[in-house]
Amino acid sequence: MPRPANAGNSGSQDAPAGRIATNDRSAGRDTLSVTDNRTGRTYELPIENGTVPAAALRDIKTAPDDFGLMSYDPAFTNTAHCKSRITMIDGDKGILNYRGYPIEQLAEHSTYLEVAYLIVHGELPTRGQYEEWVFSITHHTFLHENMKRLIEAFRYDAHPMGILVSTVGALSTFYSEAKSIFDPEARRQQMVRLIAKMPTLAAFAYRASVGMPFVYPDNDLSYTGNFLNMLFRMAESKYRPNPVLERALDVLFILHADHEQNCSTLAMRAVGSSHPDPYSSVAAAVAALYGPLHGGANEMVLRMLKEIGSKDRVPGYIQRVKQGQVRLMGFGHRVYKNYDPRARIIKQIADQVFEVTGRNPLLDIALELERIALQDDYFVSRKLYPNVDFYSGLIYQSMKFPVETFPVLFAIPRTAGWLAQWEEMLLDPEQKIARPRQVYTGSPRRDYRSMDDRM
Ligand code: CMC
């Protein structure tokens, strides 16, 4: 808590708002001295991990009955809302680590399921733990038959993300023990089910949207191999995924597995903080991911590239972006002010995929957009670089994924991250039900008028 100090003992007392004053006498202490110029009182706030506790501001008052100061931070641009041990991003340096392991090493050496284990459990598995984990996930991929009828009830052109939001939420009704969120065994069981069933829900949603019969999971195949099987198998007796495409999808899943406190993770934590079952919280997270500013961006990138149509029309499009008419989708990030490390890896995967599928003609437009943007002052001065979504859509399209399924391909691997973040929130003694404050700017109190008296 802040300690009120003597009025006027700080060298910063006369500093106008926003000006930084120095006080050599306070140097070397992990505290922040703040002078309230309304009262002349100075307070000392603790600094821990580069943050000051927002609750400490509440002691800064003009009178005993004053509510106290709050911090105002729309969109949480400078607010840490939790302590987390899962994912570390250094946005200025373009670094992304899961549980301390650099994303580049995981993408090169690991598999998605191993990374999911790491994210959820905090450590890489031993061989025995890994085999048990893969076995559990593989043997929970089937859905209750009633889910099929639910999926069939959607309109023929329903967006797969809309179906996913609904069906993942509906899963909670099949597992009543899912409400026992403080039982570690029940929690683990739901985590396995969710990671296992997301690809099945996504694949069934897609098959329903194209009027094709559902394909049941094949336990002989890998996580991504089975997903490709459920999406694309036709009349063949055994589906055999192309190993290059299967591995490419696995690496893409690794890159999407977690990304610390983004919009959908915030939704997962915030909804989870009122203690519903995890299926309901994942449904909220999927809904948050759906938007074009988040996981829906990969779909929008592809639509944008198609709209541009040819390389020679790129300068005109860049002009429109700079005039504020449109956004350059797949560019920019709240945290990365450098090249998104995931985009760098995705560019390499693209080359491997295109060797199998043939070069995606939209790639030339994307490369030209990147080339021009990276030397244009509008993008350079705002530190706008390609993000994870800029090239992933091109790979998905070359692998024959319909554009509407792109955000779903983000939701499946992110489920591991959401669940790890959810469990961390539940077990963190500092966390409570999420409940931010507001600055009320509406009408002062007024009396109700009957309709006849209203203008
Ligand atoms: N195209 C053009 N201008 C942009 C873009 C863009 N893609 N992104 C940011 N800006 C400009 C923005 O207009 C603002 O300019 P000014 O200072 O003149 O007002 C400045 O850059 C700062 O932008 P911001 O909107 O304040 O930044 P933010 O941190 O709130 O938004 C973002 C981050 C990702 C929502 C935004 O960059 C964006 O809309 N990008 C396009 C959508 C996209 O690719 N989303 C995927 C994000 S990565 C995957 C994921 O995790 O979801």
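Read on for an overview of the structure. (Residues numbered from 1 in each chain as written. Predicted model: local features only at pLDDT ≥ 70, side-chain atom pairs only at ≥ 80, totals over all residues. Heavy atoms only, no water.)

Some points on the overall build of the protein
Link 1 in the chain: Across its full length, the protein carries 17 helices and 6 strands.
Link 2 in the chain: Once the C-alpha set of the protein is aligned to its principal axes, its extents read approximately 80 × 70 × 55 Å.
Link 3 in the chain: Across the 455 residues in the protein, those meeting the buried criterion constitute 48%.
Link 4 in the chain: Across the protein, every contact between residues at least 6 apart in sequence was considered, and the portion connecting residues at least 24 apart equals 70%.
Link 5 in the chain: If you sum the accessible surface of the protein, you get close to 23300 Å²; carbon and sulfur atoms cover 52% of it.
Link 6 in the chain: Side-chain charges of the protein comprise 52 positive and 52 negative groups, with the mean position of each set lying 4 Å from the other. (Helix = DSSP H or I, 4+ residues; strand = E, 2+ residues; numbered from the N terminus. Buried < 20%, exposed > 50% of the residue type's maximum accessible area, 1.4 Å probe, protein only. Contact = heavy atoms within 4.5 Å. Areas by Shrake-Rupley, 256 points an atom, 1.4 Å probe, with all protein chains shown as cover. Lys, Arg positive; Asp, Glu negative; His and termini not counted. Charge placed at Lys NZ, Arg CZ, Asp CG, Glu CD.)

Points about the sheet that holds strand E5 (residues 95-98)
Sheet strands associate in pairs through backbone hydrogen bonding, adopting either a parallel or an antiparallel arrangement.
Link 1 in the chain: In spatial order, the strands read E4-E5-E6; together these 3 strands make up an open sheet with antiparallel pairing. Where the open sheet ends on each side, the last strands, each with one partner, are strand E4 (87-90) and strand E6 (101-102). (Pairing = 2+ DSSP bridges.)

Quick word on the pairing of strand E2 (residues 31-36)
Link 1 in the chain: Pairing of E2 with strand E3 (residues 41-46), which is carried by 6 bridges, proceeds in the antiparallel orientation. Paired with Thr 35 across the two strands is Thr 42, which belongs to E3.
Link 2 in the chain: Linking E2 to E3, which pair antiparallel, is a turn of 4 residues; within it Gly 40 sits at a positive phi near 80 degrees.

So, the site of the ligand
Link 1 in the chain: Around the ligand sit 19 residues, and of these His 294, Arg 327, Leu 328, Gly 330 and Arg 334 come closest.
Link 2 in the chain: Within the side chain of His 294, a nitrogen or oxygen atom sits 2.5 Å from an oxygen atom of the ligand.
Link 3 in the chain: The contact in question runs from a nitrogen atom of the ligand to an N or O atom on the backbone of Leu 328, over 2.7 Å.
Link 4 in the chain: Isolated, the ligand exposes 930 Å² of accessible area, and the fraction of that covered by the protein chains is 73%.
Link 5 in the chain: Per-class residue counts for the shell around the ligand are 9 nonpolar, 6 polar and 4 charged. (Near = heavy atom within 4 Å. Polar contact = N/O pair within 3.5 Å; in protein donor to acceptor, adjacent residues only side chain to side chain. Nonpolar A, V, L, I, M, F, W, Y, C, P; charged D, E, K, R; others polar.)

Describing the nonpolar core
Link 1 in the chain: Core analysis: the biggest nonpolar cluster contains 120 residues, and Tyr 98, Phe 227, Met 304, Leu 328 and Phe 401 have the highest contact counts within it.
Link 2 in the chain: Among the elements that line this core, the one with the most residues is helix H17 (residues 406-427), at 13 residues.
Link 3 in the chain: Excluding its chain neighbours within four sequence positions, the residues that come into contact with Met 304 are Tyr 317, Arg 327, Leu 328, Met 329, Leu 369 and Phe 390.
Link 4 in the chain: Grouped together as the second largest cluster of nonpolar side chains are 5 residues, Tyr 43, Leu 45, Ala 56 and Ile 60 included. (Core = buried A, V, L, I, M, F, W, Y, C linked by side-chain atoms within 4.5 Å.)

Quick word on unusual backbone geometry
Link 1 in the chain: We note that Asn 49 has phi near 55 degrees; this positive angle belongs to a residue other than glycine.
Link 2 in the chain: Relative to the assigned elements, Asn 49 resides in the loop between E3 and E4.
Link 3 in the chain: Taking the relative accessible area as the measure of exposure, Asn 49 reaches 63% and is therefore exposed.
Link 4 in the chain: Positive phi, normally seen in glycine, also occurs at Lys 383, with a value near 55 degrees.
Link 5 in the chain: Residue classification places Lys 383 among the partly exposed positions, given a relative accessible area of 42%.

What to know about a nonpolar patch on the surface
Link 1 in the chain: A cluster of nonpolar side chains, Phe 67, Met 70, Tyr 72 and Val 439, forms an exposed patch at the surface whose accessible area comes to about 430 Å².
Link 2 in the chain: Along the chain, the position of Val 439 falls in the segment after H17. (Patch = residues over 30% accessible without salt bridge, like charges linked within 9 Å, V, L, I, M, F, W, Y side chains within 5 Å. Salt bridge = Lys/Arg side-chain N within 4 Å of Asp/Glu carboxyl O.)

What to know about the packing of aromatic side chains
Link 1 in the chain: A complete count under the given rule lists 19 aromatic pairs for this structure.
Link 2 in the chain: Note on Phe 204 and Tyr 216: the rings are 6.2 Å apart at their centroids and 90 degrees apart in plane angle, and the pair reads as edge-to-face. Of this pair, Phe 204 sits in helix H6 (residues 184-209) while Tyr 216 sits in the loop between H6 and helix H7 (223-232), and the two are 12 residues apart along the sequence.
Link 3 in the chain: Since its relative accessible area comes to 31%, Tyr 216 is described here as partly exposed.
Link 4 in the chain: Three or more aromatic residues joined by ring pairs form one cluster here, namely Tyr 112, Tyr 206, Tyr 223, Phe 227, Phe 232, Phe 253, Tyr 396, Phe 401 and Phe 406.
Link 5 in the chain: Over the ring of Phe 67 we find Arg 58; its NZ or CZ atom is 3.8 Å from the centre of that ring.
Link 6 in the chain: The residue whose ring lies beneath Arg 382 is Tyr 378, and the NZ or CZ to ring-centre distance is 3.9 Å. (Phe/Tyr/Trp six-rings, centres within 6.5 Å; stacked < 30°, edge-to-face > 60°. Lys NZ or Arg CZ within 6 Å of the ring centre and 35° of its normal.)

Let's talk about the pattern of salt bridges
Link 1 in the chain: A complete count under the given rule lists 22 salt bridges for this structure.
Link 2 in the chain: With a shortest N-O distance of 2.8 Å, Glu 177 and Arg 193 are connected by a salt bridge. Of the two residues, Glu 177 sits in the loop between helix H5 (160-170) and H6 while Arg 193 sits in helix H6, which places them 16 residues apart along the sequence.
Link 3 in the chain: Note on Glu 177: relative accessible area 32%, which makes it partly exposed.

Structural notes on H17
Link 1 in the chain: Along its 22 residues, H17 runs 33 Å from first to last C-alpha, staying within 8% of the 32 Å computed at 1.5 Å per residue.
Link 2 in the chain: Along its length, H17 reaches its greatest deviation from straightness, about 45 degrees, at Arg 414.
Link 3 in the chain: Most of H17 sits inside the fold, with 21 of its 22 residues counted as buried. (Expected span 1.5 Å × (residues − 1). Bend = angle between axes of the 7 residues up to and from the residue.)

What to know about the packing of helix H4 (residues 145-152) against H5
Link 1 in the chain: H5 packs onto H4 with a crossing angle of 150 degrees between their chain directions and a minimal axis gap of 11 Å. Put simply, H4 runs roughly antiparallel to H5. In this structure, the crossing between H4 and H5 has a hand that is right-handed. Each of Met 147, Leu 150 and Ile 151 in H4 lies in contact with H5, whose residues at this interface are Ile 163, Thr 167 and Ala 170.
Link 2 in the chain: When the residues that make up the contact of H4 with H5 are grouped by side-chain class, the tally is 5 nonpolar, 1 polar and no charged. (Axes fitted to C-alpha atoms, helices over the stretch in contact; angles between N-to-C directions. Parallel < 35°, antiparallel > 145°, perpendicular 65-115°, else oblique. Left-handed = near helix turned anticlockwise from the far one by under 90°.)

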